[in-house]
Amino acid sequence: MTQTITLTEVPKNGGLYAKAALGAVPLPGPLSGRKPALPDRRVVLDGFQVDPDHLAAYCHATGLRFSDTLPLTYPFILSFPLMMELLVARDFPFTAVGSVHLGNVIERTREISVAEPLDFTAHIENLREHPKGLLIDAVTEIRVGRELVWRQVSTMLHQQRTSLSGGPKPEPPVEEVPPPPLRVQRVDQKMINRYAAASGDRNPIHVSGLGAKAMGFPKTIAHGMWSAANILSTIEGRVPEKTTYSVKFGKPIFLPSAVNIYAEQVGGGWDLSMLHPKKGYPHLTATLR
């Protein structure tokens, strides 16, 4: 039987990060609480009201236009703490610390007004092995009344050995100078600090040089979902009301950097990418359909 955690407000990210850090400390023997299966659990939050000032801060941090409707990616940061509430549980198969966001699929059925009360549900599904670790899908749905208006699937990787580990590694992609971009986006620590404040995602890999090095990065890196939001500013006003936005994250953007932005209209949607300006490898590839 599914356990339902009913919330009356969005959890504070500070408390969730503290739980995540404590969860990374192993307990002895059978007290560890880690099980090889996903707990049958969901989080529910009804009647959430968007704060226009918070929305304005998010738009300022991502370069998106502030209006009386929500940007396509904005509900992600509203629902992120609900996803974290599930990931930091002691009986979750792995710790939240060190997990990597590999991809995201957002489905929107219509534009969402700032004034509409939002009902959230979140759960985790599809635990599976990957050559680099374990994958899960974090699923969030938002309804206005009984109408499903927004749904996302965030695919997360926890790096560890699995039965698929140790196989032959794929050939690294050939690096080549990319074609001239539609525009060049410069991103620095100040910009990412603004996003961290607006999103509540103050993971040390994004805001602390020492924290980034502790997690194996030579410098701080930009949030993947900052990239997913910022690139949409290139085609703002041309995003369909009913749309599916599929994003795959590539190599991290080290700060400070400049990245090449590409947008190509394809049929009823767009192909988008964010590439390294000299070596051509992708930081992000996406489709909007």
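Residues numbered from 1 in each chain as written. Predicted model: local features only at pLDDT ≥ 70, side-chain atom pairs only at ≥ 80, totals over all residues. Heavy atoms only, no water.

### Concerning the pairing of strand β10 (residues 269-275)
Taken residue by residue, a regular strand's side chains alternate between the two faces of the sheet. Using the following cut-off: Three labels apply to residues, based on accessible area from a 1.4 Å probe with only protein chains included: buried if under 20% of the type maximum, exposed if over 50%, partly exposed otherwise in between. The way it works is that DSSP assigns letters per residue, a run of H or I at least four long becomes a helix, a run of E at least two long becomes a strand, and they are numbered from the N terminus. For two strands to be treated as a pair, DSSP must find no fewer than two bridges joining them.
Most of β10 is tucked away: 6 of the 7 residues are buried. Between strand β9 (residues 257-266) and β10, which pair antiparallel in sequence order, lie 2 residues; one of them, G267, sits at a positive phi of approximately 55 degrees. In the sheet, β10 pairs with strand β11 (residues 282-288) via 6 bridges, with the strands oriented antiparallel. Within β11, the residue paired with M274 across the bridge is L284. Counting the residues in the hairpin turn of β10 and β11 gives 6 residues, including G280, whose phi is positive at 80 degrees.

### Section: the UniProt feature "domain: MaoC-like" (unreviewed entry) in the protein chain
To keep things clear, this is the line we draw: UniProt positions are given in the numbering used here, feature names are shortened, and annotations may be inferred rather than shown by experiment.
Mapped onto the present numbering, the UniProt feature "domain: MaoC-like" (unreviewed entry) falls on residues 186-267. Each end of residues 186-267 is marked by a C-alpha atom, and these two atoms are 29 Å apart; helix forms 34% of the span and strand 23%.

### Notes on the pairing of β9
Sheet topology note: the strand β7 (residues 183-187)/β9 ladder contains 5 bridges and is antiparallel. The residue bridging R186 from the neighbouring strand is A258, located in β9. With 7 bridges connecting them, β9 and β10 associate as antiparallel partners. Residue pairing across strands places A263 opposite L272, the latter belonging to β10.

### Quick notes on the sheet that holds strand β8 (residues 243-249)
Let me state the cut-off plainly: Angles here are taken between N-to-C directions and fall from 0 to 180 degrees, while the axes themselves are lines fitted to C-alpha atoms, restricted in helices to the stretch in contact. We call two residues in contact whenever any of their non-hydrogen atoms come within 4.5 Å of each other.
If you walk across this open sheet you meet the 11 strands as β1-β2-β4-β5-β6-β3-β8-β11-β10-β9-β7, and the pairing is mixed. Edge positions in the open sheet fall to β1 (3-7) and β7, since each of these has one partner strand only. In this sheet, adjacent strand axes meet at a mean angle of 20 degrees when their direction is disregarded. Helix-sheet contacts for helix α3 (residues 74-87) involve β1, β2 (41-48), β3 (100-108), β4 (118-130), β5 (133-144) and β6 (147-159), and the interaxial angle to β4 is about 55 degrees.

### Looking at the packing of aromatic side chains
Stated precisely, the cut-off is as follows: Aromatic rings from Phe, Tyr and Trp, with only the six-membered ring used for Trp, were paired whenever their centres fell within 6.5 Å, and each pair was classed as stacked if the ring planes differed by under 30 degrees, edge-to-face if by over 60, and tilted otherwise. Ring-over charges, as used throughout, are those where CZ of Arg or NZ of Lys falls within 6 Å of the ring centre and within 35 degrees of the ring normal.
The tally for this structure, following the rule as stated, stands at 5 aromatic pairs. When the ring of F92 is compared with that of F94, the centres are 5.2 Å apart and the planes differ by 85 degrees; the resulting orientation is edge-to-face. Like F92, the residue F94 is buried in the burial classification. Three or more aromatic residues joined by ring pairs form one cluster here, namely Y58, Y74 and Y195. Here the basic side chain of K251 rests over the ring of Y281, its NZ or CZ set 4.5 Å away from the ring centre.

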